[in-house]
Every structure is written in C-alpha cells, then in structure tokens.
Amino acid sequence: MDISRRSLLGASALTLGPVALALTGCSTGKSGSASGGGSDKDFVLWTWPEGFSEDTLKAVKEQFPDINFRQNVIGGDFKQKLTTTFSAGSGLPDITGVKGEDIAFFLSKTDYFEDLNELGAKDIKGDYLDWKWQQATSKDGKQIGIPIDIGPTALFYRIDVFEEAGLPSEPAELEAAIRDWDAYFELGKELIAKKPGTYLIRNSAGIFSTAYRQSGKGFIDENQMFIGDQDHIRKAWDLSVKANTAGINAALDSQTADSAAAVNEGRLPADFGASWHLADMKVDAPETAGKWRVCKHPGEAVNQGGSFLTIPKGAKDPKKSFELISFILNAKNQAVEYTFSGNFPAAPEAHSMPEVDGAVEFLGGQKAAEVFSAAAETVRPLYEDPNSESVIAPFTAELEQIESTGKDPEKAWNDAVTAAKRIAEQSGIKVK
C-alpha cells in the first residue's frame, strides 16, 4: 500500500505492447533549444520511461507540420538529470516533464522555468482541476507547469476472494460497508478469520501515507514550520499502529517479488492506489485479469502522483513550446493517454470521453473512470514543501520497525519525531 509509481520500462512489453517499446527506444540527444544546439525547427520534449503514446506523438506531428518534434526518454534519476542540466545551463530541452513528487522542489527554483502565465496559461486554467493546477503555482503567482494527469486514490480489490469469504463484494456494496477505517479493519479481521493468511493491508506505512493526507495537512506548513508532531500526524500514526495490532497487515514492502506474489496468489486481495496503479497490478498479477474491481476507500480520496509539462528558461521559442504543451495536454489527448498508461486526466472534460469512460477489461468490465472522477472532486489540496519527503522518512522507518521487530509504538513515535525535527532543522525548517 506504500504506493509509488513504478516505471514500466522492462515490463512494458507485457502490459502495454509495442507502443511502449517504441517509446523506450527514443533518443536522448541534445535538444534544439537556444542553449542546446539544433535547428530552429527542432523541438524536443524530455520525459521519463512511459512517456507519451505514439498516438499522441503522431497527433502532435500532424498538428504542427512546420516543426520537427521528438520525445526523448530519459532513464535513471530524472530529477537529478534535470537539475544537473539546469545547473550546467546548456543542453536543455524545449519542454520537460516534472514529476508530481518533484514539483515542490522545482517551485523553489522558479528561475529555471518560464512563467507560463505570460504565455497564455491563464486562458486555459479553467480546463484543469483547480487543486492540481495550484500544485504548480508559486507563492508569487508564477505558473511553472501544466498538469499531465492526476492520481486520486481508490480501493482495488479481488471480487472473487471477497465473495468466497462472504464479504460485501459488489463495488457499491463494499463502498457502503467501509466508510471509515474502523469498518475496514473489522472487515480485515473477518477476512483473515475465514481465509487465514489473507490480508487487506500491504503495510502500515501505506495506511499512514493515506491517512495523514486525508487531513489536508502534511509535515511542513506554508510558513516553513515543522508540524509533523501535531494531532493530524499522530492520528494517522495511531491508525497505522492499530491496523498492525489488528493482525490484518501483511507487512510487505512494495515493489518486491514477495509483494507481487501475494497479489498474484490472492493473499493480498486489496490495495489502495491511483488509477495508474492498475498498471502495477497488470505486472504483478496478469493472470488475475477480470477478477479485480475498484471502489471508494475509507475516508476521502487523496492524490498520489500526477505530473506536469514545463518550459525551461531560455528555450528558443517559448511561445511555440507553449502551443505544443497546450495541444499535448488538451482533454482529447489526455483521454488517449489514459488508454495508454492509466494516467487519469487532469482535464475534467476528458472524464466523460469514451477512451476514459469505457469498460476496463482487467476490472471485469467496470467503468472505473466513474470512481476516479468522483474521487478527484473530493481531494483536499495539500501543501508540499521541498523538504517534506526527508522529514517523512523517519516515520516510515519507525513504522517498519514496529512491523519487523515489534518495537514499542510510543518509543517509535518519539524516535520518529526526534529524527524528523533534526532533519527539519538541518534543512532550515522552523521547529518549535
């Protein structure tokens, strides 16, 4: 349940077919930007494995026949590659993706990017979900990115396992039965009593990650004050410990062979995730196609992931780059990308398009978009600081200690808070 987006590079041939293989073979040469050489007609987009589909790339070339557009897929640590290139001041692309987990960092480096408001972003702002748009807006009002996708969360579950255990199994029925976490935990106890060794929770860190986000607050506030020792974090912590104590926690690390086996064998028949998590399950458990369903999870949805397209400062033709971004990320193309990678559109208009609203074979023909579109409407904006991930790490580590060694939860909490405060102070974050 500690969901982080898996790169499908290497697995893409199994799940997405030849289109993905074609993308992973894209060149990684220098761009045609003012600082990177090339002709005035060369426009280069940097992205990570997965990238944009061949259908979208073809549409771009048809829409802009006067330019040479290509997508360069960058392997490895994309954020580090981008940061290094910005620092070098040469070789920058005309357009670059920025991952959702990195946008807070790059918002502290707005001088790296063109302010898209000066290029027309305000005119298309209404086409996207406001809370996602705001994630790429700086405190002084600069817009550095346009949303590619969003990651509202839901509960994926195995309908066959739930039926065998006599639990609520139809999406509407299950959703009604698990409106709060306590109800979900009780369902987990019932499941493991009827099917020993079958768990509703992958790991307690996943519960923690979802629960604290549901509060609408994180670990650092807008004034750069550490708030990781406050009630909203403690409640999420206690909830995670409660799940572990209840005996319904598989205590499996995400993205491991053991975790994949548990999903494939039905020992982990439920998992929280955004729409793109469907691709993870296709990799982990291809033979379970048709047995999964999706519904609203306990509490309100939170956002996991969702990236942006940006224009580096100094790009040779920012206006043309913005035209390209506006086209690539229009509702129609976002709908096409959903069929390719499971990226759920940040443009609400796309949610009712056939490419998005259709039946999903892996989910037994369910129209999953209805669940994710509704979830997107309830996501609470969450302030993210560039140092957030660093101060979260001690909490995740201590929860793992509780799982693996039986460490006393109260001591683990105190140790996590102490370590997080130390990291916060070292990062220049204020601590009371």
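Looking up the protein chain in an unreviewed UniProt entry gives the name Sugar-binding protein, with the organism given as Dermabacter jinjuensis.

Caption draft 1: Molecular detail of the sheet that holds strand S8 (residues 292–295). Taken in spatial order, the three strands line up as S7-S6-S8 in an open sheet, and their pairing is antiparallel. The open sheet is flanked by strand S7 (270–273) and S8, the only strands paired with a single partner. When the angles between neighbouring strand axes are averaged without regard to direction, this sheet yields 25 degrees. When strand S6 (residues 154–158) meets S7, the two strands line up antiparallel, connected through four bridges. Across the sheet, residue Phe156 finds its bridge partner in S7, namely Asp271.

Caption draft 2: Summary view of the sheet that holds strand S4 (residues 146–147). In space, the five strands of this open sheet follow the order S2-S1-S3-S9-S4, with mixed pairing throughout. At either margin of the open sheet sits one strand with a lone partner, and together these are strand S2 (68–73) and S4. Pairing analysis gives six bridges linking strand S1 (residues 42–47) to S2, with the strands arranged parallel. Counterpart to Thr47 in the pairing with S2 is Val73.

Caption draft 3: Looking closely at the nonpolar core. In this structure, Phe69, Ile146, Leu309 and Leu329 are the most contacted members of the largest nonpolar core, which totals 61 residues. Per element, the largest residue contribution to this core is six residues, and it comes from helix H18 (residues 368–376). Leu187, Phe208, Cys295 and Val417 belong to the second-largest nonpolar core, a separate cluster that totals 46 residues.

Caption draft 4: The arrangement of empty space enclosed by the protein in detail. Evaluated as defined, the whole model comprises seven cavities of 30 Å³ or more. Here the largest cavity defines a volume of roughly 100 Å³. For the lining of the largest cavity, the class distribution of residues is three nonpolar, five polar and four charged.

Caption draft 5: Representation of helix H19 (residues 388–405) within the structure. In this model H19 runs 26 Å from its N-terminal to its C-terminal C-alpha over 18 residues, within 8% of the 26 Å that 1.5 Å per residue would give. Within the sequence span of H19, burial applies to Ser388, Val391, Ile392, Pro394, Phe395, Thr396, Glu398, Leu399 and Ile402. Looking one or two residues beyond H19, the residue adopting positive phi is Gly406, at roughly 75 degrees.

Caption draft 6: Summary view of the packing of aromatic side chains. Taken as a whole and judged by the stated rule, the model has 26 aromatic pairs. Joined through ring pairs, the aromatic side chains of Phe208, Tyr212, Phe219, Trp237, Phe395 and Trp413 make up one cluster. Above the ring of Phe105, the side-chain terminus of Lys79 is found at 4.2 Å from the ring centroid.

Criteria and thresholds
Residues numbered from 1 in each chain as written. Predicted model: local features only at pLDDT ≥ 70, side-chain atom pairs only at ≥ 80, totals over all residues. Heavy atoms only, no water. Pairing = 2+ DSSP bridges. Helix = DSSP H or I, 4+ residues; strand = E, 2+ residues; numbered from the N terminus. Axes fitted to C-alpha atoms, helices over the stretch in contact; angles between N-to-C directions. Core = buried A, V, L, I, M, F, W, Y, C linked by side-chain atoms within 4.5 Å. Buried < 20%, exposed > 50% of the residue type's maximum accessible area, 1.4 Å probe, protein only. 1 Å grid on protein atoms, 1.4 Å probe; cavity = no way out; pocket = protein on both sides within 12 Å on 5 of 7 lines; lining within 4 Å. Points joined across faces, edges and corners; volume = space filled by probe spheres on them. Nonpolar A, V, L, I, M, F, W, Y, C, P; charged D, E, K, R; others polar. Expected span 1.5 Å × (residues − 1). Phe/Tyr/Trp six-rings, centres within 6.5 Å; stacked < 30°, edge-to-face > 60°. Lys NZ or Arg CZ within 6 Å of the ring centre and 35° of its normal.

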